[in-house]
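# Descriptive analysis of the structure
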Amino acid sequence: MWLFFLWVIIIALTLLLLVTTSIRVRRRRGVAFFHPYAECRGGGERVLFLSIQAVQEMDPNLPIFVYCGCKTLTGVEILEAAKQTFKINKFPRPDNIHFVQQPSLKNLRFLLEPSTYPRLTLLGQSIGSMIVAAAALWEMPADIFIDTTGFAFTYPIAWICGCKVISYTHYPTVSTDMITVVKSGKEAFNNSKLLANITLFRRLKVWYYKVFAWIYGVVGQFSHLVLVNSSWTLNHIVALWNVPDRTHILYPPADTKYLQKFAVDRRAPPRCQPSSSSSSSTNLVISLGQFRPEKNQELQLRAFARFLRNHRQQQQQEKRPLEEKKGKRIDDKNIKLVLIGGCRNEDDQKRVKNLKHLASTLGILDRVVFEVNASFKLLVEYLAAAHVGLHTMVNEHFGIGVVEFMAAGVIPVAHRSGGPLMDIVIKHKGQDVGFLAETEEEYASCISKVLNLEPAKRRKICEIGRDRVNQFSNEEFLNRFKKLSKSVIFPGKR
């Protein structure tokens, strides 16, 4: 029996050697981006296409390959959509950007889907990413492999095939925070009620996370240049991968120029009327984010309800509406909360229904507007109208929505953790750019504080906030990407 297994191992190693040797022999000068969902138009895709632009600005003649598994769009269509979505004026040589969309990649993309693995999802997706990466490198080998998705298990595959690896990590696949949540026995988006309540299952999951974290740390070390999107991510990646000398923060790009055109002093209400409620209020509190459990819109509703209770109590005590020092009345009836977000599936739609029920239970349903899958035009109108922007996600790796608040002149009240705490809502030039909170009471207090700011103080916070977000611009991203990656992509070139 042991001879059989020995022969299986020998045959497997021989095949691996033949495959990698073939890839190495056929490897050509070029930069390959591993991004199987390149047709999507989210923050990860903005990083992808601006990275491509940066490489082309350094050398437009260097071939670029995008490993993509899209079945519905051609490479030309994907590139054109990216230019429009991410406001990229032009690529130096679009004809030198090649989308690798062979049938093998299209047919294997399901291996990256969480739904493919009802159990051991992290492990399943990671092994699946190795298979997809191997297929991509077989189809079009290149000497530089850049991953902009966070699938770290692809790095040893690329390394074996002779590639230099650059990684951009939006958030660690596993972290100490995830392990802590499971240990605590609290129900969360990554810790089901069954696991949270049964000690044995909880211990097994903690063990699984720890083993996975160790393997994750090993594969991460195959990256020659490690780029991360925030200080929070940096701390976790350095702890897991242990390569601090080649790990750097590269903030994700945010095109906020159009948002910075909004007036700060005079807030025009949205020009449209949502079906759920009139929105003529000039005292809008808004939140941006998909209706996912980790976004914690429930806390937003409870905090807003508490704010209204406190507001009414103060009204009764003073026998008049709250007033700003310059005499402008804050009408209690014109304070509304608008929850703007997308629904991906039936679970998200059910979550919206539950949030509406909670708003009704709290007695604030007439003060809350739900904008589900809102148009971009409507989103911009709300950003131009709002005074307060709520963010309640715990340990969000960065927080692009908070950046958009600040650019639009909306004062953020963000969760005191993750990217907002360490990178965004921090003092700039010695001045506040927003507020941080953690509890229902703190959020209610911060909402009241922002709505009662003197106009001059409010204007100052907004202007400082806008100056702060310039550090997250497309131009900053391009310049820093080129500076950090040049030695890997163009070794010896000054």
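Residues numbered from 1 in each chain as written. Predicted model: local features only at pLDDT ≥ 70, side-chain atom pairs only at ≥ 80, totals over all residues. Heavy atoms only, no water.

## Considering the confidence of the model for the protein
Worth spelling out the cut-off: Confidence scores labelled pLDDT are given residue by residue by the predictor and lie between 0 and 100. By the convention used here, residues are in contact when the closest approach between their heavy atoms is within 4.5 Å.
Confidence in the prediction of the protein, expressed as mean pLDDT, is 84, and 83% of residues score 70 or more. Below a pLDDT of 50 lies the segment residues 322-327, which in the model reaches 17 contacts outside its immediate sequence neighbourhood of four places, other chains included.

## Regarding the environment of Q101
Heads up, the condition is: A run of H or I in DSSP counts as a helix once it spans at least four residues, and a run of E counts as a strand once it spans at least two, with each numbered from the N terminus. Throughout, exposure labels follow a simple rule: accessible area from a 1.4 Å probe, protein chains only, divided by the maximum for the residue type, with under 20% read as buried, over 50% as exposed, and the rest as partly exposed. We define a polar contact as two N or O atoms separated by no more than 3.5 Å, with the added condition that, inside protein, one atom must be a possible hydrogen donor and the other a possible acceptor, whereas residues neighbouring each other in sequence contribute only through side-chain atom pairs.
Relative to the elements of secondary structure, Q101 occurs in the loop between β3 (97-100) and α4 (103-108). Under the relative-accessibility criterion, Q101 is labelled buried at 15%. Residues Q101 and C70, 31 residues apart in the sequence, show an inter-C-alpha distance of 6.9 Å. Residue contacts for Q101: discarding those within four places in its chain leaves C68, C70, L73, T74, G75, I78 and K106. Side-chain polar atoms of Q101 contact the backbone oxygen of L73, separated by 3.0 Å.

## As for the nonpolar core
Here is the rule: For our purposes a nonpolar core is just a set of buried Ala, Val, Leu, Ile, Met, Phe, Trp, Tyr and Cys residues, chained together by side-chain atoms within 4.5 Å.
Ranked by size, the top nonpolar core spans 44 residues in total, and within it Y67, L137, F145, Y216 and W241 carry the most contacts. Of all the elements, helix α9 (residues 199-220) adds the most residues to this core, at seven residues. Sequence-distant contacts of F145, that is, excluding residues within four places in its chain, are made with A32, F34, Y67, L137, T154, Y155, A158, C163, K164, V165 and I166. Of all hydrophobic cores here, the second largest spans 38 residues; its members include A38, L50, F91 and V488.

## Points about the pattern of salt bridges
Definition in use: Throughout this description, the term salt bridge denotes a Lys or Arg side-chain nitrogen within 4 Å of a carboxyl oxygen of Asp or Glu.
All chains considered together, the criterion is met by 15 salt bridges. The shortest N-O distance in the salt bridge between D348 and R351 comes to 2.7 Å. Remark: R351 and D348 occur in helix α12 (residues 346-361); sequence separation between them is three residues, near one turn of the helix. We classify R351 as partly exposed; its relative accessible area is 23%. Note that R416 and E442 form a salt bridge whose closest N and O atoms lie 3.0 Å from each other. Of this pair, R416 sits in the loop between β12 (411-415) and α15 (418-424) while E442 sits in helix α16 (residues 440-451), and the two are 26 residues apart along the sequence. Residue classification places R416 among the partly exposed positions, given a relative accessible area of 30%.

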